[in-house]
Amino acid sequence: MTKIAVAKGDGIGPEIMDAVLHIFNTAKVPLEYEFVDMGKWVFDKGFSNGMTAEAQEAIERLGILFKGPMETPKGKGVKSINVTARKTWNTYANKRTFQTLHGVDTVFSKAGIPIDLTIVRENIEDTYGGVEHMLTHDVALSRRFITRPGSLQLIKYAFEMAKKKGTKRITCGHKANIMKLTDGLFLEVFYEVAKEYPELKADDVIVDDLCMKLVTRPDLFDVVVLTNLQGDIVSDLCAGLVGGLGFAPSANIGDHISIFEAVHGTAPDIAGKNIANPTSLFLSGIGMLRHLGLMESASMLENALLYTLENGIHTGDFGDKNIPAVNTTVFADAIIANFGKQPAHHPRPLIKDQKPTPTLFKLSQNEMMVSAERTDETICGVDMFIASNEQPQEIATKCLRHAGVKFKLVSISNRGTQVWPTGSVYTNLVNQFNVRFESLDGFPLNQQDIIGLYVSLSGNFKICSLELLNMWGDKKAYSLAQGQ
Ligand code: NAD
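Nothing here was measured: the structure is a model prediction, and the numbers come from that model. (Residues numbered from 1 in each chain as written. Predicted model: local features only at pLDDT ≥ 70, side-chain atom pairs only at ≥ 80, totals over all residues. Heavy atoms only, no water.)

*Asks:* Got a minute to help me understand the overall build of the protein chain in this structure?
*Replies:* When helices and strands are tallied, the protein chain shows 14 helices and 18 strands. Counting only C-alpha atoms and orienting by the principal axes, one finds that the protein chain spans roughly 85 × 50 × 50 Å. The 484 residues of the protein chain split such that 49% are buried. Within the protein chain, contacts between residues separated by at least 24 positions form 76% of all contacts whose residues are at least 6 apart in sequence. With an accessible surface of roughly 23,200 Å², the protein chain has 56% of that area assigned to carbon and sulfur atoms. For the protein chain, the centre of its 49 positive side-chain charges and the centre of its 54 negative side-chain charges are spaced 1 Å apart. (Helix = DSSP H or I, 4+ residues; strand = E, 2+ residues; numbered from the N terminus. Buried < 20%, exposed > 50% of the residue type's maximum accessible area, 1.4 Å probe, protein only. Contact = heavy atoms within 4.5 Å. Areas by Shrake-Rupley, 256 points an atom, 1.4 Å probe, with all protein chains shown as cover. Lys, Arg positive; Asp, Glu negative; His and termini not counted. Charge placed at Lys NZ, Arg CZ, Asp CG, Glu CD.)

Structural data, given as structure tokens:
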């Protein structure tokens, strides 16, 4: 028996979780459950992170959390419990599988185009760090973190998973043509890892083109790896290809703790009516069984689900409108009645149980701190982000007075577009500029020089933030402004 933590969640969460556990128990799946307190009602009791200390202890001890959807109270300044759980336990890979299900009609199923796609989305970094500041009353800034160790951890998982699945193609979706440093780093790591897997065909597609191609020929893709926000959007697009969020399971995989949940939310509009579709949570549970090595139970249950769908049994949110919909309980009972049945389309092979994947140990050191720092790193300048509603030439005149003997003013940009020394009168300006100073004639700079400039410049401007301009050897570790 394997013991796992279970949180039923809010809204339709308890209804669909009870249905899924009823199916598991009837099938005698060798699992034991420890129910933990997480979700809206825990926030309401005053726990600001949405879970009790006992829940956190149990999840860290057991390493697996099976959870229903949860609501984050609005307007109380608390962070989403779902995102907190993923980030606290470093479940760095969000794996979502999308497959054609017979009985769930879509334009692709009607056209006979089969879909079997896995999206692997980075789950911790990107703009989901939520590090945001108002620089002026008009200008908000979000910091987008893409790190080498974070990308490496995710992309290694994706390749390993693709190899196990027997995938032929693995694709990186990105926007490295525009975000050369952030998405550029992600793409660079992707191809570094790809070298270790010569048996897999690794390629990349720019994310907007990827969306178009997924909608026109989803059958050409197999495993797709993306950064967090792009992955979030693309995975919902893929849910639409196979019939909606009700059919999209999700696994948040970490080295120590993994979380299995449905992609959809708490569906407050239908909560308490026993009409919700439990398929997404059930498929997530089946993914969890495979993760735990319980292959036989997983295949038997998936075949029973596929057989049920093929026979037209459906809840109100999908299926043939000429066949009356059943409620959540009846849907679960239909799956139970179909235990041992083989679906006509894509039956899952009954393979023997395997050793589970998870390795449970406490972190003694943070391996991600092992960095790729270089010795030939120098500071060659600084970007000062200032608040101002003056014209670029007036700002330049003031800034030139502060450059002193160590700095030269090289450019001023507004929303990433250069407006001084050259630019266009047609560029619209907002009240926040990036003033770029570089070292005069390659004069070596240190942080004290930067602080000296900051103090001087602050006599004329409010400086909202600053970024050092670093050189790694002869490589610029910063981007140029548009038009620079
Ligand atoms: P939602 O997914 O809850 O609902 C969107 C629509 O889909 C609704 O019409 C709903 O009735 C329907 N729907 C969703 N799941 C269904 C199911 N299993 N069966 C039948 N119909 C279903 O999205 P929302 O309304 O934007 O969000 C509601 C709440 O859920 C919010 O508080 C949100 O923060 C939370 N949420 C939680 C998670 C999570 O726990 N991982 C994910 C998304 C949203």
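*Asks:* Would you explain the packing of aromatic side chains in this entry?
*Replies:* Overall, the coordinates contain eight aromatic pairs when judged by the stated rule. Judged by centre distance (6.2 Å) and plane angle (55°), the rings of Tyr33 and Phe35 are tilted. Since its relative accessible area comes to 18%, Tyr33 is described here as buried. Residue Phe35 is classed as partly exposed on the basis of its relative accessible area of 47%. For the pair Phe247 and Phe318, a centre-to-centre distance of 4.8 Å together with 85° between the ring planes defines the contact as edge-to-face. Residue Phe247 is located in the loop between helix H9 (228-241) and strand S11 (249-253), and its partner Phe318 is located in the loop between helix H11 (295-310) and helix H12 (328-337); the two are separated by 71 residues in the primary sequence. Pair check on accessibility: Phe247 and Phe318 agree, each one buried. An aromatic cluster of at least three residues, connected via ring pairs, comprises Phe159, Phe190, Tyr191 and Tyr197. Directly above the aromatic system of Tyr128 lies the positively charged group of Arg121, at a separation of 5.2 Å from the ring centroid. (Phe/Tyr/Trp six-rings, centres within 6.5 Å; stacked < 30°, edge-to-face > 60°. Lys NZ or Arg CZ within 6 Å of the ring centre and 35° of its normal.)

*Asks:* What exactly am I supposed to notice about the site of the ligand here?
*Replies:* The immediate surroundings of the ligand are formed by 19 residues, with Met70, Gly265, Ala267, Asp269 and Asn277 found nearest. Taking Lys67, its side chain carries an N or O atom lying 3.5 Å from an oxygen atom of the ligand. For the ligand, an oxygen atom lies 3.0 Å from a polar atom in the backbone of Thr266. Computed on the free molecule, the ligand has an accessible area of 810 Å², of which 66% lies beneath the protein chains in the complex. Grouping the amino acids of the shell around the ligand by side-chain chemistry returns eight nonpolar, five polar and six charged. (Near = heavy atom within 4 Å. Polar contact = N/O pair within 3.5 Å; in protein donor to acceptor, adjacent residues only side chain to side chain. Nonpolar A, V, L, I, M, F, W, Y, C, P; charged D, E, K, R; others polar.)

*Asks:* Help me understand a nonpolar patch on the surface, please; the structure alone is not making it clear to me.
*Replies:* Judged by side-chain polarity, Ile451, Tyr454 and Val455 come together as a nonpolar surface patch covering roughly 280 Å² of accessible area. Assignment of secondary structure puts Val455 in helix H14 (residues 447-457). On the basis of relative accessibility, which here comes to 55%, the residue Val455 falls in the exposed class. (Patch = residues over 30% accessible without salt bridge, like charges linked within 9 Å, V, L, I, M, F, W, Y side chains within 5 Å. Salt bridge = Lys/Arg side-chain N within 4 Å of Asp/Glu carboxyl O.)

*Asks:* Got a minute to help me understand the confidence of the model for the protein chain in this structure?
*Replies:* The share of residues in the protein chain with pLDDT of 70 or more is 97%, and the mean pLDDT across the chain is 92. Across residues 359-363, where pLDDT falls below 50, the model places eight contacts with residues more than four positions away in sequence or in other chains. (pLDDT = per-residue confidence, 0-100.)

*Asks:* I'm lost on helix H3 (residues 53-62) in this one. Help?
*Replies:* Because each turn of an α-helix spans 3.6 residues, side chains separated by three or four positions in sequence point in the same direction. Taken together, the buried positions of H3 are Ala55, Ala58, Ile59 and Leu62. Looking straight down H3, one finds its buried side chains confined to an arc of 95°; they lie on one side. Phi for Gly63, located one or two positions after H3, is positive at around 85°. (Arc of directions from axis to C-beta.)

*Asks:* I would appreciate a short explanation of the sheet that holds strand S2 (residues 31-35) in the present structure.
*Replies:* Sheet strands pair via backbone hydrogen bonds, and the direction of the pair is either parallel or antiparallel. Read across the open sheet, the ten strands follow the order S2-S1-S3-S12-S11-S4-S5-S10-S8-S9; overall the sheet is mixed. What marks the edges here is a single partner per strand, and that holds for S2 and strand S9 (201-206). The average angle at which neighbouring strand axes cross in this sheet is 25°, direction not considered. Relative to strand S5 (residues 116-122), strand S4 (residues 93-99) runs antiparallel, the two sharing seven bridges. If you follow Ala93 over to S5, its bridge partner there is Glu122. Together, S5, strand S8 (169-174), S9 and strand S10 (223-226) form the strand contacts of helix H8 (residues 207-216), whose direction differs from that of S9 by roughly 105°. (Pairing = 2+ DSSP bridges. Axes fitted to C-alpha atoms, helices over the stretch in contact; angles between N-to-C directions.)

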